[in-house]
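Fold and contact review
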Amino acid sequence: MKHSLTVILLVVNLSLTSNLFAEGLRAGAAKVDITPPEGVSLDGSISKNGPVTGVHDPLHARALVLADDETRIAIVIVDACMVEEEVFDDAKKLVHQESGFPTDHMLMAATHTHAAPRLIHIGTEPIDDQYHRDAAQKIAQAVLEAEKHLVSAQLGHGSFRLEGLIACRRFLCEPGTVAVNPFGESGERIKSVAGKSTGVIEPAGPVDPEFSVISVQDRDGHQIAALGNFSVHYCGGYRRGMVSADYFGQFSEQMEAKLSARGERPAIGLMSNGTSGNTGAFQNRGRKFQPFEGMEYYGRMMAERSAELISKLEHKSDLDIEMQQTDLTLNVRKPSAERIAWAKEIVAHPDKPTPHRWSKIYADETLHLSRFPEQKTIKIQAIKVGDLAIASAPCEVFAETGLALKKRSPHPKTIHIELANGYAGYLPPKEQHELGGYETWPARSSFLEVDAARKILETQLQLLEGLK
Ligand SMILES: [Zn+2]
């Protein structure tokens, strides 16, 4: 009698447990078009921006919401060169007001396509401000829509290597062979963007050729979303004035076309930028591309490899979700009184010859930085979904920092998403600051303290440790 009672209790207990976990992982995804109207300021390759005159391919905010029984998180990828913290914060607030979604459980990142606006308030027209407000609203809309469509889901992840497609764009050079920088200083050891040298030795850093894919399906195996992560800065090969989401958009659209099942909600492709602060555009290896042809080629190739990988992945639904966010305050590399005097001199005499073709740009940047606060507080995040971890920073992070994160993370698989939750410029490690080069020149695109990369990495690792 006693024996059978135990058995009954055991059975009841088991069914309670399975009920409790019946729901497991839930997921939803959505995208909202954020293509700017004509006239909005468009980024271009450096110093070649101008107003939007046409659209090659549309821009989107794409959102993936994941939930377990206790936690709900959103990963949002926005087709923009960069997005400042205020725009993302506005979007997060709008989502929170509407659905109660906790604002510190949303990771929002820009792709870094250069054929899109910079969603930062630098020298913009009223039409740009209007675009910023519209974009914040549409980013929020993408999250809310993804949330509305949460269904029982399963997730798998994996990666492959795209070795030949990625290269470090900073080159170490023989001492005394690098031309002066925009500030008229000699002695730098790096040839990078806008740099010249007669004595290139080798790439100044490693690259991370890992292409990671996170696949989210419903329990019947219909694709809900596929999130890619790779570390090439951007592809480029644009036509001036034309809007494009670059390879990020090409990958996403290809994935959507390949994976959407007939009669179901269409799948959403998302492409996040990993650690591309020091990596160049794709290596064309002699191939000549027409405008926009290169990004289509690479986006298609990545989507083909990713779809093939997804078909082999094991998907799981009993996954625990956790997310942590913290503030990190860093010093700003403020210009010296001497540098400010130099900048004022350049600005006051626009017709005088300068030491470098970008001296005027960097004189302006120096004056902007002189008005910056002494310190900048940034958001660092870490996410865990089962054995997968994601860390984020609002910077253009160098490959060595991302590789160190992957190596030192306590989780079986870790990826990094850069340009997230704001924009705090390039993040060269201290050793790279000492070598100089474009990414280290003080400007609104490079202003954090010299030791910032190490401090950000340590903060990310602490958060990841806390999620174990
Ligand atoms: Zn960049």
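Residues numbered from 1 in each chain as written. Predicted model: local features only at pLDDT ≥ 70, side-chain atom pairs only at ≥ 80, totals over all residues. Heavy atoms only, no water.

**Some thoughts on the overall build of the protein**
Of regular secondary structure, the protein possesses ten helices and 21 strands. Dimensions of the protein, computed from C-alpha atoms along their principal axes, come out at roughly 100 × 45 × 45 Å. A total of 468 residues make up the protein; the buried ones form 56% of that total. Considering only residue pairs separated by 6 or more positions, the protein has 80% of its internal contacts joining residues 24 or more positions apart. (Helix = DSSP H or I, 4+ residues; strand = E, 2+ residues; numbered from the N terminus. Buried < 20%, exposed > 50% of the residue type's maximum accessible area, 1.4 Å probe, protein only. Contact = heavy atoms within 4.5 Å.)

**With respect to the packing of helix 2 (residues 85–99) against helix 3 (residues 126–148)**
Remark: helix 2 packs on helix 3, axes separated minimally by 8 Å, with the N-to-C direction vectors making an angle of 40 degrees. Classified by the angle between their axes, helix 2 and helix 3 sit oblique to one another. Here helix 2 and helix 3 pass one another in a crossing that is right-handed. Taken together, the residues of helix 3 that come into contact with helix 2 (itself represented by Val87, Phe88, Asp90, Ala91, Leu94, Val95, Glu98 and Ser99) are His132, Ala136, Gln137, Ile139, Ala140, Val143, Leu144 and Glu147. (Axes fitted to C-alpha atoms, helices over the stretch in contact; angles between N-to-C directions. Parallel < 35°, antiparallel > 145°, perpendicular 65-115°, else oblique. Left-handed = near helix turned anticlockwise from the far one by under 90°.)

**Some details on the confidence of the model for the protein**
Chain-level statistics for the protein give a pLDDT mean of 92 and a share of 93% at 70 or above. With pLDDT under 50 throughout, residues 10–21 is counted as low confidence; its partners more than four residues away or in other chains account for two contacts. (pLDDT = per-residue confidence, 0-100.)

**Quick look at helix 7 (residues 359–370)**
Taking 1.5 Å as the rise per residue, helix 7 with twelve residues should run 16 Å; its terminal C-alpha atoms sit 16 Å apart, in good agreement. Within helix 7 the residues assigned to the buried category are Ser359, Tyr362, Ala363, Glu365, Thr366, Leu367 and Leu369. (Expected span 1.5 Å × (residues − 1).)

**Concerning the nonpolar core**
Among the nonpolar cores identified, the biggest contains 43 residues, and Val76, Val78, Val83, Met108, Ile139 and Val143 are the most heavily contacted of them. Looking at this core, the elements that each hand over two or more residues are strand 1 (26–33), strand 5 (60–67), strand 6 (72–78), helix 2, strand 7 (106–110) and helix 3. Among the elements that line this core, the one with the most residues is helix 3, at nine residues. Apart from residues lying up to four places away in sequence, Val143 is in contact with Ala63, Val65, Ala74, Val76, Val95, Phe101, Met106 and Met108. Counting residues in hydrophobic clusters, the runner-up holds 30 residues, among them Leu162, Tyr234, Ala267 and Phe282. (Core = buried A, V, L, I, M, F, W, Y, C linked by side-chain atoms within 4.5 Å.)

**Quick word on the state of the cysteines**
For the structure on display, the rule yields zero disulfides. Unpaired in this structure, Cys173 has its nearest cysteine sulfur neighbour in Cys168, at a distance of 11 Å. Taking relative accessible area as the criterion, Cys173 reaches 0% and is therefore assigned buried. Cys395 forms no disulfide, and the closest cysteine sulfur to it belongs to Cys81, at a distance of 14 Å. (Disulfide = S-S within 2.5 Å.)

**Here's the deal with helix 10 (residues 452–466)**
Here helix 10 is 15 residues long and its end C-alpha atoms lie 21 Å apart, about the 21 Å a rise of 1.5 Å per residue gives. Buried within helix 10 we find Ala452, Ala453, Ile456, Leu457, Thr459, Gln460, Leu461, Leu463 and Leu464. Elements that come into contact with the buried residues of helix 10 comprise strand 16 (321–331), strand 17 (375–385), strand 18 (388–392), helix 8 (399–408), strand 20 (413–417) and strand 21 (426–427).

**Some remarks on the sheet that holds strand 16**
Spatial strand order, 16-17-18-20: four strands in an open sheet with mixed pairing. Looking at the sheet topology across the chains shown, the edges are occupied by strand 16 and strand 20. Mean inter-strand twist for the sheet, computed between neighbouring axes without regard to direction, equals 20 degrees. Sheet topology note: the strand 16/strand 17 ladder contains eleven bridges and is antiparallel. If you follow Gln324 over to strand 17, its bridge partner there is Ala382. Strands in contact with helix 8 are strand 18 and strand 20; relative to strand 20, the strand with the most contacts, it is inclined by about 155 degrees. (Pairing = 2+ DSSP bridges.)

**Looking at the environment of Ser317**
Here Ser317 shows up in the loop between helix 5 (293–312) and strand 16. Here the alpha-carbon distance between Ser317 and Asp68, two residues 249 residues apart in the chain, equals 9.3 Å.

**Quick word on the environment of Ile166**
Structurally, Ile166 can be placed in the loop between strand 8 (151–161) and strand 9 (171–173). Ile166 sits in the buried class, given a relative accessible area of 6%. For Ile166 and Ala225, which are 59 residues apart along the polypeptide, the C-alpha to C-alpha distance reads 25 Å.

**As for the coordination of the zinc ion**
The protein atoms donating to the zinc ion are His112 (NE2), His233 (NE2) and Glu396 (OE), with metal-donor distances spanning 2.1 to 2.2 Å. Here the donor residues for the zinc ion map to a single chain with the spacing H-x120-H-x162-E. One end of the pair, His233, is in the loop between strand 13 (223–230) and strand 14 (242–243); the other, Glu396, is in strand 19 (residues 396–397), and 163 residues separate them in sequence. A relative accessible area of 2% places His233 in the buried class. (Donors = N, O, S within 2.8 Å, 3.2 Å for Na, K, Ca; no water.)

**Some details on the sheet that holds strand 11 (residues 200–203)**
The strand order across the open sheet built from three strands is 10-9-11, with neighbouring strands paired in antiparallel fashion. Bordering the open sheet on either side are strand 10 (190–191) and strand 11, each of which pairs with just one other strand. Two elements, strand 9 and strand 10, share two bridges in a ladder whose sense is antiparallel. Looking at the pairing, Phe171 lines up with Lys191 of strand 10.

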